[in-house]
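# An overview of the molecular structure
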Amino acid sequence: MMQSPPFIRPGSLIRIVSPAGAISSPGVLESMVSRLREEGYEVETGSHSLGCHFQYSGTDEERLVDLQEALDDRKTAVILSSRGGYGTIRIVEQLDLSSFRRYPKWVVGYSDITVLHNLLQVTGYQSVHGMMCRIGFKENVFPSESLESLLQVLRGEKPGYRWPSLPQNRAGNTAAPLTGGNLAILYSLTGTPYDIDTRGKILFIEDIGEYLYQLDRMMISLRLAGKFDHLAALLVGDFSELKDNDNPFGKDYREIILDAVKGYNFPVVFGFPAGHEMRNLALLLGGNYQLRAKGGECSLKLLGNR
């Protein structure tokens, strides 16, 4: 069993940092700070949360300092990443988890933050794939469902999700620990010290902005690396803003995924609302889940946090 940081309570401290890309609009972060305070939590931001150094929120050293301070701070209960982008992999090997092990806290984010999720999983700690600040508002509507699902997981509750089944699903019913995150990041970390173990797990994947042929390459590479050999199930989230060449690839992303796993008999379930869209339901990485896909409905139920 992976270790779970302490669950949050009213007054718990949430620290927002930017370990990767720069936030283009300060209002996005400020709105998240206000909302979390309305929910009854203390909120602090890293020194470079609103910084900008080319496409990053700061230099490698600045981003590293902010993240390390958050990991070391015994009062911090949650480290919430402001956004993804690119850059976390540039600082991950310099992180020191010695204080974190004494005072573990929740790390929250998705996309490029999959680097941190992998780091914590290979170290033996749970974390949360959930909404950040950058995709927080659209037409002045705050995604309260996404935030509420995140806070439920952080409070130690066990949310259950249901969504319509898709024709491409491979039906099944399994209970197993959940792992995964952004497909491109998982692919990039294969063979590194931050490569996750998928054996006996439900693997969750999502992505954005990739060419279809790149998705095919990544899925085949995971297969060649043995990531599907002992998988309990494959859970597929949002694949947003995908691109194709003028000479079409000839398959959509669901067909690419199914082709890569056609030699296996584990369930493959599409359509889970998590990834780079407004509806981004929280997933406890390292938590035990029941995944069902049968008939016209799919469900995912968190069985245990510890």
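The structure under discussion appears in the preceding block.
Reading the values: rules and limits
Residues numbered from 1 in each chain as written. Predicted model: local features only at pLDDT ≥ 70, side-chain atom pairs only at ≥ 80, totals over all residues. Heavy atoms only, no water. Helix = DSSP H or I, 4+ residues; strand = E, 2+ residues; numbered from the N terminus. Buried < 20%, exposed > 50% of the residue type's maximum accessible area, 1.4 Å probe, protein only. Contact = heavy atoms within 4.5 Å. Axes fitted to C-alpha atoms, helices over the stretch in contact; angles between N-to-C directions. Parallel < 35°, antiparallel > 145°, perpendicular 65-115°, else oblique. Left-handed = near helix turned anticlockwise from the far one by under 90°. Nonpolar A, V, L, I, M, F, W, Y, C, P; charged D, E, K, R; others polar. Core = buried A, V, L, I, M, F, W, Y, C linked by side-chain atoms within 4.5 Å. Salt bridge = Lys/Arg side-chain N within 4 Å of Asp/Glu carboxyl O. Polar contact = N/O pair within 3.5 Å; in protein donor to acceptor, adjacent residues only side chain to side chain. Pairing = 2+ DSSP bridges. 1 Å grid on protein atoms, 1.4 Å probe; cavity = no way out; pocket = protein on both sides within 12 Å on 5 of 7 lines; lining within 4 Å. Points joined across faces, edges and corners; volume = space filled by probe spheres on them.

### Section: the environment of Leu-186
With respect to the helices and strands, the residue Leu-186 is situated in helix H6 (residues 183-189). Using a relative accessible area of 6% as the deciding quantity, one classes Leu-186 as buried. For Leu-186 and Leu-222, which are 36 residues apart along the polypeptide, the C-alpha to C-alpha distance reads 8.6 Å. Other than its neighbours up to four places away in sequence, Leu-186 contacts Thr-114, Asn-118, Gly-180, Gly-181, Ile-196, Leu-203, Phe-204 and Ile-205.

### Comments concerning the packing of helix H7 (residues 212-224) against helix H8 (residues 253-260)
At a closest axis distance of 9 Å, the pairing of H7 and H8 adopts a crossing angle of 20°. The orientation of H7 relative to H8 falls into the category roughly parallel. In the crossing of H7 with H8, the sense of the turn from one axis to the other is right-handed. Packed against H7, whose contacting residues are Leu-212, Leu-215, Asp-216, Met-219 and Arg-223, the element H8 presents Tyr-253, Ile-256, Ile-257, Asp-259 and Ala-260 at the interface. Residue composition of the contact of H7 with H8, grouped by class: seven nonpolar, no polar and three charged.

### A short note on the nonpolar core
With 47 residues, the main nonpolar core has Val-128, Leu-154, Trp-163, Leu-235, Phe-272 and Leu-300 as its most contacted residues. Among residues more than four places away in sequence, those in contact with Trp-163 are Leu-235, Val-269, Phe-270, Gly-271, Phe-272, Pro-273, Leu-291, Glu-297, Cys-298, Ser-299 and Leu-300. Counting 24 residues, the second-largest nonpolar core is a separate cluster that includes Ile-196, Leu-231, Ala-260 and Phe-266.

### Digging into the pattern of salt bridges
Under the defined criterion, the tally for this structure stands at 13 salt bridges. Across the salt bridge formed by Arg-155 and Glu-157, the nearest N and O atoms sit 2.9 Å from each other. Judged by relative accessible area, which is 27%, Arg-155 ranks as partly exposed. The closest approach of N and O atoms between Asp-259 and Lys-251, which form a salt bridge, is 3.3 Å. Using a relative accessible area of 24% as the deciding quantity, one classes Asp-259 as partly exposed. You can call Lys-251 partly exposed: its relative accessible area is 31%.

### Some remarks on the side chain of Asp-60
Mapping Asp-60 onto the fold places it in helix H2 (residues 60-72). What makes Asp-60 buried here is its relative accessible area of 17%. For Asp-60, the side chain forms a polar contact with the side chain of Arg-63, separated by 3.0 Å.

### As for the sheet that holds strand E1 (residues 13-17)
Strands sit in the order E2-E1-E3-E4-E5-E11 across an open sheet of six strands; the sheet is mixed. The open sheet terminates on both sides in strands that have one partner only, identified here as strand E2 (42-45) and strand E11 (283-285). If you compare each strand with its neighbour and ignore which way they point, the axes differ by 25° on average. Bridge count between strand E5 (residues 127-129) and E11: three bridges; the pairing is antiparallel. Residue pairing across strands places Val-128 opposite Leu-284, the latter belonging to E11. Against the sheet, helix H1 (residues 26-38) contacts E1, E2 and strand E3 (76-81), and its axis sits at roughly 160° relative to E2.

### Quick look at the pairing of strand E7 (residues 172-182)
Every regular strand shows the same layout, with side chains that alternate between the two sheet faces. Here E7 runs beside strand E12 (residues 288-294); their pairing, made up of six bridges, is antiparallel. Within E12, the residue paired with Asn-173 across the bridge is Arg-292. Summarising the sheet, E7 and strand E8 (residues 202-208) pair through five bridges and their orientation is parallel. Residue Gly-180 lies in a different strand from E8, and its bridge partner there is Phe-204.

### A look at the environment of Asn-265
Note that Asn-265 resides in the loop between H8 and strand E10 (268-269). Overall, Asn-265 belongs to the exposed group, its relative accessible area being 76%. As a C-alpha pair, Asn-265 and Asp-60 span 205 residues in sequence and 43 Å in three-dimensional space.

### Considerations on the layout of surface pockets
By volume, the second largest pocket is sized at about 230 Å³. Surrounding the second largest pocket, 14 residues form its lining, Ser-12, Arg-74, Lys-75, Thr-76 and Ala-77 being those nearest its centre. Of the residues in the lining of the second largest pocket, the class split is seven nonpolar, three polar and four charged.

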